[in-house]
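# Per-entry structural report
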Amino acid sequence: MNKELEILTDIPNMIILKLSDTSIVEIYGEKRLKKLKGKHLKELFAPEQYILLQYLLQGEKEHVVVDWEGKSYEVSAQNTILYLYDITKYNSIESQLKESLDDLISKKEELQAIFDLAANGISLLNRNGYFVYANKFFQQMMGYTMEELYSESCISLSSPEYAEPSQKAVEKAIRYGSIEKFRKICITKSGKRLNASMSLAYLESRDEIIMITSDITEDIEYQDKLKKQVEIEVSKRAEQYEILCHQSRLAAMGEMIDSIAHQWKQPLNTLGIIVQGLGHFSKQKDIDHKLLREIEDEIMEKVNYMSQTIDDFSTFFRTSKQKELFNVSKSIEEALRLIEVQLKTHRIVVETAVETGTDLEILGYQNEFRQVILNMVHNAMMAITENQRGGMIKISIKSHRNNLHIVVLDNGGGIPREIMPKIFDPYFTTKEKGSGIGLYMSKVIIETHMGGLLAVKNRDDGAQFTIMLPQEK
């Protein structure tokens, strides 16, 4: 027996105590403990530890764990021999493992709480799209319990038209690692159609897919409602714009009728004098046919002038439907011709200057542009006549950085500082019979229709309007 115990002495971390009754006869395993030979167990172990050893020696327990000499031992017995195996390191490892396990359990509980409190549906799918896990938000959103979801997939919960796209989304997530903001319609347990936005990410180490689902039904309904409201508002604005355009045309028409009256006044007077002369001429016995032809030529000249005037005004009132290339200088001349008689009547001189090398071609709406020029010149004329007799309007044209600049400058006294911010507002006017839409429509035409810029400032003793139009290359 002693030889066998000596062999066991070589086992690491093992101590063998051979007893006689409860006293130590021999010690194997650690030489430093030889001095304990002859000692009673009761002297060596604390009372509670000694009681455990007694249970062991009496066969009431197969093994016990005791603390001795600052270490922990697992003790087993065979007859009067105690085998003590040092488990201190294992206890330390076990304690650490227990702490790690407790920490993992705590982290799991935290993550579970986060998942369940998340404001989105979070679920875990296998590679075939079947549910492995779903948080409470997803369960409530879809109306399924977790037990019911185990037999469902993200494909089976899709509306029929989205079944195939959903299958492809799962395949793409596995192939490319993720897919974001995939939109589809899901069917809840109650049959309700739910607009959803989904993002999928493939977890290669687990061969599973994590899916985050957002219910965007209310967002889409709000967007549809907002879209309808915008359409209604655009329709209202378009209607208001059409009314403003109509009013602008009517106002311009009134001014043009006044211009026609001025344009026709002189030729009509001339025709009246000629007609009276013809009555006197017809009483003569010998008719001078050469003089008659001269009278006929003069009558036709006046008639043609009046006819050309009507053509000019008729062209002015046609709305341009498509953008076209036109010569800005020529359009300005045509606009000025419409009120040249009124300008002469008020002794207002108009000077037009074009910078050398200026490209005068512009892509835009020619008739609307003429309307803007006519409106500015007419306003300048009215400002001059209110403050003085006679005046000057200067129109200059030049190119600058792929833009055409048209400047209209008058000497009519300028615009009062307090009303300067309001002059482009609709229906704002300082004239007794003004409509207040001329400058507003001019700004709309230049900036909205032709993509340019219309600005105003006071300069010297008058107002300066600047039009800037882009020249497409």
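Here's a quick rundown of the structure. Quantities reported herein were computed from a predicted structural model and do not represent experimental measurements. In this convention, every chain numbers its residues from 1, walking through the sequence in written order. Two thresholds apply to this predicted model, a pLDDT of at least 70 for residue-level local features and 80 or more for giving and counting side-chain atom pairs, whereas whole-chain, interface and lining totals are computed over all residues. Heavy atoms from the whole structure form the basis of all side-chain values; hydrogens and water molecules are not counted.

Here we take up the overall build of the protein chain. Check the secondary structure of the protein chain and you find 13 helices and 17 strands. Relative to all contacts within the protein chain whose residues are 6 or more apart in sequence, the contacts with residues 24 or more apart total 54%. Each accessible area is a Shrake-Rupley result for a 1.4 Å probe, and residues are judged covered by the shown protein chains and nothing else. With the model as given, the accessible surface of the protein chain reaches about 29000 Å², and the carbon-plus-sulfur share is 52%. A run of H or I in DSSP becomes a helix once it reaches four residues, and a run of E becomes a strand once it reaches two; helices and strands are each numbered from the N terminus. We call two residues in contact when some of their heavy atoms are within 4.5 Å.

We define the nonpolar core as a collection of buried residues of types Ala, Val, Leu, Ile, Met, Phe, Trp, Tyr and Cys that are connected through side-chain atoms lying within 4.5 Å of one another. Note on exposure labels: buried denotes an accessible area under 20% of the residue type's maximum, exposed denotes more than 50%, and partly exposed covers the range between, all computed with a 1.4 Å probe on protein chains only. Ranked by size, the top nonpolar core spans 41 residues in total, and within it V328, I332, F369, I393, I406, F465 and I467 carry the most contacts. Secondary structure elements with two or more residues in this core: helix 10 (328-338), helix 12 (366-387), strand 14 (391-400), strand 15 (403-410), helix 13 (438-449), strand 16 (453-459) and strand 17 (462-470). Ranked by residue count, the leading element in this core is helix 12, at nine residues. Filtering out sequence-adjacent residues up to four positions away, I406 remains in contact with V328, I332, F369, I373, I395, S396, I397, F465, T466, I467 and L469. In this structure, Y144, M146, A169 and I179 belong to the second largest nonpolar core, which totals 25 residues.

So, about the environment of K89. Within the fold, K89 resides in helix 4 (residues 88-117). The spacing of K89 and S72 is 17 residues in sequence and 8.7 Å in space, taken between C-alpha atoms.

We now examine the environment of G412. Here G412 shows up in the loop between strand 15 and helix 13. A residue is classified by how much of its surface remains accessible, and G412, at 3% relative accessible area, is buried. Considering only alpha carbons, one finds G412 and A380, 32 residues apart in sequence, at a separation of 6.5 Å. Apart from residues no more than four positions distant in its own chain, G412 is found in contact with A383, I384, N387, D461 and G462.

Right, let's talk about the packing of helix 10 against helix 12 for a bit. In contact at an axis separation of 9 Å, helix 10 and helix 12 are set at 55 degrees when each is read in the N-to-C sense. In this view, helix 10 runs oblique relative to helix 12, as classed from their interaxial angle. As helix 10 packs across helix 12, the resulting crossing turns out to be right-handed. Taken together, the residues of helix 12 that come into contact with helix 10 (itself represented by V328, S331, I332, E334, A335, L336 and L338) are Q366, F369, R370, I373, L374 and V377. For the contact of helix 10 with helix 12, the residue count by class is nine nonpolar, two polar and two charged. Here, axes are lines fitted to C-alpha atoms. For helices the fit covers the stretch in contact, and angles between N-to-C directions go from 0 to 180 degrees. To sort the angles, those under 35 degrees are grouped as roughly parallel, those over 145 as roughly antiparallel, those from 65 to 115 as roughly perpendicular, and the leftovers as oblique. What makes a crossing left-handed is the near helix being turned counterclockwise from the far one by less than a right angle; a clockwise turn instead makes it right-handed. Three classes are used: nonpolar for Ala, Val, Leu, Ile, Met, Phe, Trp, Tyr, Cys and Pro, charged for Asp, Glu, Lys and Arg, and polar for all others, with Gly counted as polar.

Within the open sheet, the five strands sit side by side as 12-14-15-17-16. Their pairing is mixed. Of all the strands in the sheet, just strand 12 (348-354) and strand 16 have a single pairing partner and so form its edges. Here the strands of the sheet are splayed against their neighbours by 15 degrees on average, with no regard to which way each runs. For strand 12 and strand 14, the ladder comprises seven bridges, and the chain directions are parallel. What sits directly across from T352, in strand 14, is I395. Sheet contacts for helix 10: strand 12, strand 14 and strand 15; angle to strand 14, the most-contacted strand, approximately 160 degrees. Packed on one face of the sheet, helix 12 meets strand 12, strand 14, strand 15, strand 16 and strand 17 and runs near 145 degrees to strand 14. At least two bridges found by DSSP between two strands is the condition for calling them paired.

Note on definitions: salt bridges are taken to be side-chain nitrogens of Lys or Arg within 4 Å of carboxyl oxygens of Asp or Glu. This structure, assessed with the given rule, holds 10 salt bridges. Salt-bridge contacts for E334 lead to R370; the nearest nitrogen and oxygen are separated by 2.2 Å. Taken together, the residues span a long stretch of sequence, with E334 in helix 10 and R370 in helix 12 at a distance of 36 residues. An identical accessibility class is assigned to E334 and R370; each is buried. Among the salt bridges present, the one from E447 reaches K443, with a minimum N-O distance of 2.8 Å. Residue E447 and its partner K443 are both found in helix 13; the two are separated by four residues, about one turn of the helix.

Between rings of Phe, Tyr and Trp, where Trp is taken as its six-membered ring, a pair exists when centres lie within 6.5 Å; planes separated by under 30 degrees are stacked, by over 60 edge-to-face, and by other angles tilted. Inspection of the entire model under this criterion finds six aromatic pairs. Judged by centre distance (6.0 Å) and plane angle (55 degrees), the ring pair of W68 and Y73 falls under tilted. By relative accessible area, which is 4% here, W68 ends up buried. Here F424 and F465 contribute two aromatic rings whose centre-to-centre distance is 6.5 Å and whose plane-to-plane angle is 85 degrees, an arrangement assigned as edge-to-face. Of this pair, F424 sits in the loop between strand 15 and helix 13 while F465 sits in strand 17, and the two are 41 residues apart along the sequence. Judged on exposure class, the residue F424 and its partner F465 are both buried. Chaining the aromatic ring pairs together yields one cluster made of F45, W68 and Y73.

A few words on a negative patch on the surface. Within the patch definition used here, like charges are joined within 9 Å and nonpolar side chains (Val, Leu, Ile, Met, Phe, Trp, Tyr) within 5 Å, considering only residues with over 30% relative accessible area and no salt bridge. For this count, His and the chain ends are skipped, Lys and Arg are scored as positive, and Asp and Glu as negative. We put the charge of a Lys on NZ, of an Arg on CZ, of an Asp on CG and of a Glu on CD. Taken together, the side chains of D215, E218, D219, E221 and D224 define an acidic patch exposed on the protein surface. With four residues, helix 8 (residues 217-281) is the largest single contributor of residues to the negative patch. As for its placement among the helices and strands, D224 is situated in helix 8. Classification of D224 by relative accessible area gives partly exposed; the value is 41%.

These results come straight from atomic positions and should not be treated as a statement about function.
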